[in-house]
Amino acid sequence: MTNSVPRGLVAVTSLLIIGSLFSGCVSNRLYNPSREQYLVSVSPPSEDTVGVDLAIIEFDEFGMLWTPEQLEAAVSLISERNAASDRGVIVVTYTHGWMNNANPGREENDLT
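What you see is a predicted model, and the numbers here were worked out from it, not measured in a lab.

The next subject is the overall build of the chain. A count of helical and extended segments in the chain gives 3 helices and 2 strands. Along its sequence from the N terminus, the chain presents helices and strands in the succession α-α-β-β-α. Each of the 112 residues in the chain was classed as buried or not, and the buried ones make up 16%. Relative to all contacts within the chain whose residues are 6 or more apart in sequence, the contacts with residues 24 or more apart total 42%.

Right, let's talk about a nonpolar patch on the surface for a bit. On the surface, Phe 59, Leu 65, Leu 71 and Val 75 cluster together to form a nonpolar patch covering roughly 330 Å² of accessible area. Relative to the helices and strands, Leu 71 resides in helix α3 (residues 68-84). Leu 71 sits in the partly exposed class, given a relative accessible area of 36%.

Among the structural elements, Ala 84 can be located in helix α3. Ala 84 sits in the exposed class, given a relative accessible area of 67%. Sequence separation between Ala 84 and Val 50 is 34 residues, and the spatial gap between their C-alpha atoms is 9.4 Å.

About the thresholds
- Residues numbered from 1 in each chain as written.
- Predicted model: local features only at pLDDT ≥ 70, side-chain atom pairs only at ≥ 80, totals over all residues.
- Heavy atoms only, no water.
- Helix = DSSP H or I, 4+ residues; strand = E, 2+ residues; numbered from the N terminus.
- Buried < 20%, exposed > 50% of the residue type's maximum accessible area, 1.4 Å probe, protein only.
- Contact = heavy atoms within 4.5 Å.
- Patch = residues over 30% accessible without salt bridge, like charges linked within 9 Å, V, L, I, M, F, W, Y side chains within 5 Å.
- Areas by Shrake-Rupley, 256 points an atom, 1.4 Å probe, with all protein chains shown as cover.
- Salt bridge = Lys/Arg side-chain N within 4 Å of Asp/Glu carboxyl O.

Read these as layout, nothing more, since geometry by itself doesn't imply function.
And the structure:
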């Protein structure tokens with residue numbers, strides 16, 4: 001007596017497993033390609049305040065830069081703000097978790 005599983009059941013089960021694996025994946029791509037997107041002046045500096053800027057630097061799933069321009073622009077902005085200030089600057093680094101991404105269109109956006 002053989003104990004075999006019908007081919008149709010194996011095919012349907014395989015498709016369901018593959019489909020469920022891909023339905024939970026977030027696309028791995030650069031979300032903020034333009035300078036206006038990855039450098040944001042949240043509160044511009046004035047005579048009384050130092051100002052607040054947001055610089056987004058995106059990495060792929062292997063920790064490699066999507067584009068070196070984001071890093072170069074962030075370092076340049078920090079240097080500019082430091083040179084313009086008598087008291088220096090404070091740099092706060094935020095690294096979000098794997099369930100978030102840098103997509104500014106997400107409803108659950110945790111960047112701004």
